[in-house]
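# Examination of the molecular architecture
The residues making up each chain are set out below.
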Amino acid sequence: MSVENAPVVDVDEAAIPVEKKMYYRFESNDKKEFRVSELAIQQSETLNRLVEAMGYTSEDVENKPAIAIENIDGKTLKLVFQWCEHHKGEAIPVDDGSVPKIVEIPEFDAKLMDIDNGLLFKLIWAADYLNIVQLLNVSCKKVANMAQGKTPAQLRRVYLLPSDEEDEAAKRAAQEAQDPRAREVEEEFEERKRQGGNSFF
Amino acid sequence: MPSYLSNIPQVALKEILCYLNHKSILLLRKTCHSIRNSIDNLKSDLHFTSIHFQLTPYNVFIELFYQGETYEKCVPIWYIKTENGCEIRCGTKKIHLENEDFVDIALGDYELLLTHQNMTLDWFKLNLEYFHLDPLADTKVLEPIAQKVLERTETILTRKDRPLKTENFRMTVIRQEQAVKILKMIDTKSLKLVSIHGKTLNPMIRMKCDELEKLEQWKKAEKLELWRFNFVSPIEKLMNFEEVEVFFEMVSMKDVLGVKKASGCFPSYMDVRMLYSFIIFLQSSKLQKVSIKCNDFNDANQLMQVLGRFQYKQSRYGERKWSWFFQHSNSNHVLCITHISYFIPKPNYFEFLLLTTEELTREELEVLQ
């Protein structure tokens, strides 16, 4: 079964036989509803705090409206909750600041993240917003892996980055909208940088 | 919703950068201004394992080491003074920058490297090579440049959010204050070895270490190496180290006789500091190994008479070793004194090593006193 078609709700009851599971309902900004187990929610610090603060009973969960997540679309949220259900109960890694950081991408995560770059960046954005540490780790690792052995031009394509010219043009347009003199100042600054900014790197 | 790398949250960008090697990060800096600014603001680690900086009057040589897939690799970069500017060489790449000063360009890059270094370095080396080709002329040329390098390095290290971490610290200098300036900026917790080198040519300079001795970094380090200069501080100052390697010029026979008078029953041929180290060694709780190098030592025969039974070994490379073993009266500790010399005139070495009786071989036990 492909990951894309896998149910968000985990039906493997044998995993937690005794405890009665509570499923919370969430809604994406495009009105897609998801049911997510309590244990899976614990992977997200943001959502975990939210449901704790709400203190819903099992009746509330069914009767009250779904909890809205206004910044994330359904397609992204589906991936997020699939990931949380698969990794529920796992310890949340603590960043002790040690470098280099070693993160392995498990097979499930690799398949889950076999998506276009636009969606991958949305997933990173969501993992950061919902504070899902390990999902942020693996998705960032995946994005980092994409950079290996690429030239600046290739990196721009992969990461959808603007060139310096486009970057400056956008900045200038934004500044000019505010202050017409900004362009002159900017040009002078760039000229100075060109004169004194030589470096091997 | 933003899907550009330049628009993702800083936390995520920081996370991505921590998985990238220096090549990818430096290339990414070249893609656009906003990413370069973000990378510089985040000061993401370039994952170098050692950073070496060597200054001569006519070039700067930076060596950057990093962990490859199987072994450690090195990026060597030369900044060479030319008639009308500076030439930068790295592998097969060559760039010439007109009207640019080689030291300024090198320091610009050095700043980037040190600012981004968060990981504990294996080695931090900063070598001011005063005696490159012509000692007198070079010293004059190098003095103002060396000053500039030291001041800039100090500023870079001061601006860092956290002190630079390195296990091994080495500087080649001609004055104590030059080493103090940089060593004081290094993180004390990670530091294990302090290694200070003097100049390479004779006569050997005398260098005080009184200012260095005040530094926390000096007090906390486990090992000390003082090479190519005559160590003039009393040897008691070295008691906080576990391993010490120092150099001093041996005194003349006349001085030696004076010591004999003063010291009574102690081995008479040693100079004052040799004698001190002998005593201090037994008193120190930390010291495990002291190596002393000296220029002149012509009285090997007398040494044998005074120290008694010894073990003699000769390697096929011309190294001759005499070892004496003395049992400590109140413990099973054994002080091993080794004198190493070569057939060809090279410095003599003395090594004081603290062992236990269990560590001795049968041959060594036979000569134990």
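Predicted, not measured: the structure shown is a model, and the values here were computed from it. (Residues numbered from 1 in each chain as written. Chains lettered and ligands numbered in written order. Predicted model: local features only at pLDDT ≥ 70, side-chain atom pairs only at ≥ 80, totals over all residues. Heavy atoms only, no water.)

Below, the discussion takes up the overall build of chain B. Helix and strand counts for chain B stand at 11 helices and 17 strands. For chain B, with 369 residues in total, the buried portion stands at 53%. As displayed, chain B has an accessible area near 17700 Å², and 50% of this comes from carbon and sulfur atoms. (Helix = DSSP H or I, 4+ residues; strand = E, 2+ residues; numbered from the N terminus. Buried < 20%, exposed > 50% of the residue type's maximum accessible area, 1.4 Å probe, protein only. Areas by Shrake-Rupley, 256 points an atom, 1.4 Å probe, with all protein chains shown as cover.)

This part is about the side chain of Arg25(A). All names here are of chain A. Positionally, Arg-25 belongs in strand E1 (residues 23–27). Within polar-contact distance, the side chain of Arg-25 engages the side chain of Glu-33 at 2.9 Å. Setting aside residues up to four positions removed in sequence, Arg-25 forms contacts with Glu-33, Phe-34, Arg-35, Val-61, Glu-62, Asn-63, Lys-64, Pro-65, Ala-66 and Ile-67. (Polar contact = N/O pair within 3.5 Å; in protein donor to acceptor, adjacent residues only side chain to side chain. Contact = heavy atoms within 4.5 Å.)

Our focus in this paragraph is the environment of Ile132(A). All names here are of chain A. Mapped onto the fold, Ile-132 is located in the loop between helix H6 (117–129) and helix H7 (133–145). For Ile-132, a relative accessible area of 1% corresponds to the buried category. Taking the C-alpha atoms as reference points, Ile-132 and Ile-92, 40 residues apart in sequence, are found 8.4 Å from one another. In contact with Ile-132, not counting residues within four places along its chain, are Gln-43, Ser-44, Val-80, Trp-83, Cys-84 and Ala-127.

Let's shift gears to the domain arrangement of chain B. All names here are of chain B. What the domain assignment reports for chain B is domain 1 (1–44) and domain 2 (46–233). Taking the mean C-alpha position of each, domain 1 and domain 2 sit 29 Å from one another. Opposite the 13 residues of domain 1 that make contact, domain 2 presents 10 residues. When domain 1 packs against domain 2, close to 930 Å² is buried across both sides, 60% of that on carbon and sulfur atoms. Area buried by domain 1 at its contact with domain 2 is led by His-22, Lys-43 and Ser-44, which between them contribute 61% of it. Along the contact surface separating domain 1 from domain 2 lie 1 salt bridge. For Asp-161, the salt bridge goes to Lys-43, with nearest N and O atoms at 3.9 Å. Looking at the side of domain 1 that touches domain 2, the elements with two or more residues in it are helix H1 (10–18), helix H2 (22–29) and helix H3 (33–42). Per-element tally for the side of domain 1 that touches domain 2: the top contributor is H2, with 5 residues. (Domains from an automatic or database assignment. Buried area = accessible area lost by both parts, 1.4 Å probe. Salt bridge = Lys/Arg side-chain N within 4 Å of Asp/Glu carboxyl O.)

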